[in-house]
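# Chains, contacts and geometry: an overview
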Amino acid sequence: MGLLSVGTPLPWKDAKPLADYVRFHGIEQLINIYNNYKDCKGYVLLWGDEVEYMVISYDDQNRVANLSLRQAQILEELAKFDTPGVLYHPEYGRYMLEATPSKPYRGTIEDICTVEANMKSRRVIARAHMLDNEVPLTVTSFPRLGVPGKFTEPYHEPNGPASRSLFLPDEIINPHPRFPTLTANIRERRGSKVAINVPLFFDTKTSPSPWIDPNIPFDRDLYPEDSNARDGAALPDHIYMDSMGFGMGCCCLQITFQATDIEEARNLYDQLAPLGPIMLALTAASPAYRGYLSDQDCRWNVIAGSVDDRTPEERGLEPLKNARFRIPKSRYDSIDSYISESPLMRPEYNDIPLVIDEKIRDRLLEADFPTPLANHFAHLFIRDPIVIFSDSLEQDDAVDTDHFENIQSTNWQTMRFKPPPSEPSHVNGNDSKKSSIGWRVEFRSMEVQFTDFENAAFSIFIVLVTRAILSFGLNFLVPISKVDENMNVAHRREAVLNEKFWFRKNVFTFNRTRPASPIHSPTPSISSGFSFVNTPVEDEYEYMSIDEIINGKATYCERCGGMSGMHGFPGLLALVQKYLDTMNVEIGIRSRLEVYLTLISKRASGELDTTATWIRKYVRSHPDYKFDSVVSDQINYDLMKTIEEITKEKGWDEPDVAGSLLGTIQEMRAKSSHESNGTSAQ
């Protein structure tokens, strides 16, 4: 959601001259946070998830499903009541809600087993405060967002001054001043509207290439930017989108972890980064945009395009004259550098040119920042602050953090490194008064799934992977350029089944014993020896399928025994299982966890469909589908109704409902519940 300051946001012409001021003070605020917390250790492992919902409004008489723009009213109603264990937050889209647990989970297996129940509670409570014809659905992208005619309740014309979109009205934007200003300032800074082009899925009766979208109003002449589409922004054979709302109006699933100290957080940031594209492909859930089936399965590049505020000079389309840098990526993209200094880190892994503000880097080095961390923040701060509140310009850099968060929170990357929040009491140097919140990392690539069970499964899986990383000293690092390649591959249709990804062959490379954490006792290393001598980087990784990355491609050697007996990559699930073995998990709880892990395994193997594949199959098998790539109102209505039934745990094992998506999961859940009850009774 980002920083929601109170006050008057400045239009771009007034904000632009203040960019250097905000950058300077943002860095000074960062330095103060770093000095206050760099030596703090012993934070307890905590984590939390964020689930985003779309509020769907049904018109059952006309069999239409639209987006309800009643976010503010729903949140107002929710605020009147006690919602135990749950917090709700606004999001960019006026039809969106974000929900989180009211307090972080601990790192215990017992807490992990409460995640699904908490997610269910969030949905039930939210639904209870909506109209009878409204439901909260965890849908990544609404298939008919931006179609001609009505797709919101109520209807609004797409002619607003903030986005100036040909397709989306400004009324879909959260009315908090930050959001319309963010939308307008991105457009003004860029010098044109954003241009998102997603390849069209050509079905058997789709008009032949070159396909020109008949629903683009090329002749509109309301704003100067209306010429963008006819001047080449809208590409043939692509679904064209021109507004921030198409990206920031998507939903996702994000997980934030608190580490014991800054070094652990830096290591976790790096180790999780190569998993971003893998989990993006595995959670793929967004195959349709603006009423058409696309030839990709994920939302990430749509959001990247939707907030791409780079000028033509920064995009390399014109020689540098007024801009400070040539910037290769949008401010919403994959990470550009690793930030740790562990012995696992080879210089060759940071193999793409990193654009940095040298002045900021020098200031951070002067303040004794480690070089990788100085480079990281000097890279983030090449960006301008997009929204500046006139009321918040004057700040005390020793205690305030708004200028830092202004830029930090508008760098939306696959991972986010999050310093502790500053507090006024910190300046006295009294450790007992420091924030209870420590150094954190946020895992941001996953797409949201239909059911609370699925979202819990992916959340739990990532949490257990982090425990295995830290307990066993695992190494997933590959060159950043390979992570970028993987991000591109992850978008492809049915990438889980048909594509391969660069992944590390041997993750057991560091011989050490992990210090005791506040929760877990030390776990010995599962490997012996550690050396980069005469080992070419390119020999450390290879192409693997998602199935091989998740389920493994290893053979087992009884003579070697244990995890050392795995010859070849054992798979992330095997690593998680070995971690659970070390925890001596009670059999009933282990059985419950196995159900979640089975979903991950079967999605990776292709035995169960990804959400994107299921949606595509649903649309193409619908009686109203004309095999012309069009997702009609009728198809969309039935799709939303079917998703709603699936969220109620109906039809999971039925072939014509969700059998290919969830299979025999319900049967497994019933069995694990029986085992858990039996164990408890003993």
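The name given to the protein chain in an unreviewed UniProt entry is Glutamate--cysteine ligase, with Tortispora caseinolytica NRRL Y-17796 as the source organism. Recorded under Pathway (unreviewed entry), the UniProt text for the protein chain is reproduced unchanged: "Sulfur metabolism; glutathione biosynthesis; glutathione from L-cysteine and L-glutamate: step 1/2."

### Some details on the overall build of the protein chain
The number of helices and strands found in the protein chain is 24 helices and 20 strands. Scaling as 2.2 N^0.38, a compact globule of 682 residues should have a C-alpha radius of gyration of about 26 Å, and the protein chain matches this with 25 Å. In terms of overall dimensions, the protein chain has a C-alpha envelope of 70 × 60 × 55 Å along the principal axes. A total of 682 residues make up the protein chain; the buried ones form 63% of that total.

### What to know about the environment of Thr582
On the secondary structure map, Thr582 appears in helix 19 (residues 572–583). Looking at Thr582, the relative accessible area reads 37%, which means it is partly exposed. Considered as a pair, Thr582 and His156 are 426 residues apart in the sequence and their alpha carbons are 57 Å apart. At 2.5 Å, the side chain of Thr582 forms a polar contact with the backbone oxygen of Tyr579.

### What to know about the packing of helix 10 (residues 275–282) against helix 16 (residues 480–490)
At a minimum axis distance of 8 Å, the contact between helix 10 and helix 16 shows a crossing angle of 5°. Compared by their axis directions, helix 10 and helix 16 come out roughly parallel. In this structure, helix 10 uses Gly276, Pro277, Leu280 and Ala281 to contact helix 16, whose residues at the interface are Val483, Asn486, Met487 and Ala490.

### A look at the state of the cysteines
Under the defined criterion, the tally for this structure stands at 0 disulfides. Unpaired in this structure, Cys250 has its nearest cysteine sulfur neighbour in Cys251, at a distance of 7.5 Å. Counting only cysteine sulfurs, Cys250 is the nearest neighbor of Cys298, a cysteine outside any disulfide, at a range of 11 Å.

Reading the values: the criteria
Position numbers for residues start from 1 in each chain and track the written sequence from start to end. Side-chain atom pairs in this predicted model are given and counted only at pLDDT of 80 or more, local residue features only at pLDDT of at least 70, and totals for whole chains, interfaces and linings cover all residues. Each side-chain value is worked out from all heavy atoms of the structure, with water and hydrogens disregarded. UniProt positions are given in the numbering used here, feature names are shortened, and annotations may be inferred rather than shown by experiment. Numbered from the N terminus, helices here are DSSP runs of H or I no shorter than four residues, and strands are runs of E no shorter than two. Computation of the radius of gyration draws on C-alpha atoms alone. For the globule rule, the value is 2.2 Å times the number of residues to the power 0.38. Accessible area is worked out with a 1.4 Å probe on protein chains only. A residue is then buried under 20% of its type maximum, exposed over 50%, and partly exposed in between. In the analysis that follows, any N or O atom pair within 3.5 Å is treated as a polar contact, provided that within protein one partner can donate a hydrogen and the other can accept it, and provided that, for residues neighboring in sequence, both atoms belong to side chains. Every axis in this analysis is a line fitted to C-alpha atoms, fitted for helices over the stretch in contact. Angles between the N-to-C directions lie between 0 and 180 degrees. Roughly parallel covers angles under 35 degrees, roughly antiparallel covers those over 145, roughly perpendicular covers 65 to 115, and oblique covers all other angles. In this description, contact between two residues means that some pair of their heavy atoms is separated by no more than 4.5 Å. Disulfides are defined as pairs of cysteine sulfur atoms found within 2.5 Å of each other.

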